[in-house]
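Reading the structure
Given next are the chains, with one letter for each unit.
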Amino acid sequence: MTWLITGGAGYIGAHVARAMTGAGERVLVLDDLSAGVPARLPADVPLVRGSSLDGGLLKRVLAEHAVTGVVHLAARKQVAESVAQPTRYYQENVGGLATLLEAVAEAGIERFLFSSSAAVYGNPDVELITEETPCAPVNPYGETKLAGEWLVRAAGQAHGISTVCLRYFNVAGAAAPELADTGVFNIVPMVFDRLTRDEAPRIFGDDYPTPDGTCVRDYIHVSDLAEAHLAAARRLSEGGQVGDLTVNIGRGEGVSVREMVTVIGEVTGDRRPAVVEPRRPGDAPVSVAVAARAAETLGWSARRGVRDMIESAWRGWLLHHQ
Ligand SMILES: NC(=O)c1ccc[n+]([C@@H]2O[C@H](COP(=O)([O-])OP(=O)(O)OC[C@H]3O[C@@H](n4cnc5c(N)ncnc54)[C@H](O)[C@@H]3O)[C@@H](O)[C@H]2O)c1
């Protein structure tokens, strides 16, 4: 098997590339380097610089490297940007996927793994989210992930491609400092950023109907997430009937924003109290995955906890910000 990982020079993609090569899989990466960093990749992983929107390039790469499976992570991922630039998000996330699937079908590739997101659920009125929970994304980013899933399943059926859609919950941590997320879009880097600026962490709302009044989320270590990709790739390459599989990737455990801020204080040694600000519109009180299907279908479950996520993310933050 040879796997093409699109977006493999990104935060999650580089962890997936490392987990798969570490397990003996042959891997190459396609990345337009709009957000990717080549140095994140293991030295023996070939990198093709190019876009998932370039059908001609994709066809050449799939043929020249005799690719037999694709892990598609390349996408734009910022919610606020997707609200401001919806056409760009549909074009790149859905259009890029359609172009890729066309090339995959033409090359006769039968295995496809798609990077989806808990954003497909929007803000459901249940606390524990199964894969059957109705999808109702609340921003263009989430819409492109849901439309992407539909497209992946339809192309899978039409062209005999076995597909897996992984719906990641809140990703944090790093396998090594140089692989850390350099963006400041999620709670852990956002709190690090405040502390680095000598400012108190912010909590948006402490009057939710949760044990400590702050929002509860399901956090997953990026190394666990990378292992979930490996498990899914192995499931696809075993052959047999996979059909289309859609799987939540979370720990199935809720952690409140206040608990996260407390652990960040312990890890960084900066325990200044958080300031509480008004609720942000659209934040659900609780969003936690039911992770049973991943265990049943992929034989995978998360092993790493929140402290490990924050300690490893902090080492990465220090590397990039000192
Ligand atoms: N980080 C999260 O918390 C999270 C949660 C759920 C889902 N996801 C999904 O996981 C995937 C990876 O996210 P990430 O956090 O590693 O983001 P990232 O921005 O670090 O990685 C994305 C990579 O894709 C590349 N890329 C973007 N558009 C491309 C294109 N058209 N052609 C080729 N390469 C392109 C970028 O250069 C980058 O290296 C995305 O699909 C994202 O939507 C991420």
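Residues numbered from 1 in each chain as written. Predicted model: local features only at pLDDT ≥ 70, side-chain atom pairs only at ≥ 80, totals over all residues. Heavy atoms only, no water.

1. A word on the nonpolar core
The biggest cluster of nonpolar side chains holds 38 residues, and the ones touching the most others in it are Ile5, Ile12, Met20 and Ile249. Residue assignment for this core shows that the elements contributing at least two residues are β1 (2-6), α1 (11-22), β2 (26-31), β7 (162-168), α7 (222-237), β12 (244-249) and α9 (292-298). The biggest single contributor to this core is α7, with nine residues. Shared between two domains, this core takes at least three residues from each, and those domains are domain 1 (2-169 + 220-249) and domain 2 (172-218 + 251-321). Once residues lying within four places of it in the same chain are set aside, the contact partners of isoleucine 249 are Leu166, Arg167, Tyr168, Phe169, Ile220, Leu225, Ala228, Ala294 and Trp300. (Core = buried A, V, L, I, M, F, W, Y, C linked by side-chain atoms within 4.5 Å. Buried < 20%, exposed > 50% of the residue type's maximum accessible area, 1.4 Å probe, protein only. Helix = DSSP H or I, 4+ residues; strand = E, 2+ residues; numbered from the N terminus. Domains from an automatic or database assignment. Contact = heavy atoms within 4.5 Å.)

2. Focus: the site of the ligand
Inspection of the region around the ligand gives 26 residues, with Ile12, Asp31, Leu73, Lys77 and Tyr141 positioned closest. Note that a nitrogen atom of the ligand is positioned 3.1 Å from one of the backbone N or O atoms of aspartate 32. Lysine 145 is positioned such that a nitrogen or oxygen atom in its side chain is 2.8 Å from an oxygen atom of the ligand. Contributing elements (two or more residues each) for the shell around the ligand: α1, β5 (111-117) and α5 (140-159). Among the elements that make up the shell around the ligand, the one with the highest residue count is β5 (three residues). Of the residues belonging to the shell around the ligand, the class tally is 11 nonpolar, 10 polar and five charged. (Near = heavy atom within 4 Å. Polar contact = N/O pair within 3.5 Å; in protein donor to acceptor, adjacent residues only side chain to side chain. Nonpolar A, V, L, I, M, F, W, Y, C, P; charged D, E, K, R; others polar.)

3. Remarks on the domain arrangement of the chain
Domain annotation of the chain identifies domain 1 (2-169 + 220-249) and domain 2 (172-218 + 251-321). Computed from C-alpha atoms alone, the centre-to-centre distance between domain 1 and domain 2 is 24 Å. Listed per partner, the contact involves 32 residues of domain 1 and 32 residues of domain 2. The interface formed by domain 1 and domain 2 includes six salt bridges. Its salt-bridge partner being glutamate 131, residue arginine 293 comes within 3.8 Å of it at the nearest N-O pair. (Salt bridge = Lys/Arg side-chain N within 4 Å of Asp/Glu carboxyl O.)

4. Re the state of the cysteines
Considering all chains together, one arrives at zero disulfides under this definition. Of all cysteine sulfurs in the structure, the one in cysteine 165 sits closest to cysteine 135, which takes part in no disulfide; the separation is 10 Å. (Disulfide = S-S within 2.5 Å.)

5. Some thoughts on the sheet that holds β5
The seven strands lie next to each other as β3-β2-β1-β4-β5-β7-β12, forming an open sheet whose pairing is parallel. The two strands at the open ends of the sheet, each matched to only one other strand, are β3 (47-49) and β12. Neighbouring strand axes in the sheet, compared pairwise and without regard to direction, differ in orientation by 20° on average. Of the strand pairs in this sheet, β1 and strand β4 (residues 69-72) are connected by four bridges, and their pairing is parallel. (Pairing = 2+ DSSP bridges. Axes fitted to C-alpha atoms, helices over the stretch in contact; angles between N-to-C directions.)

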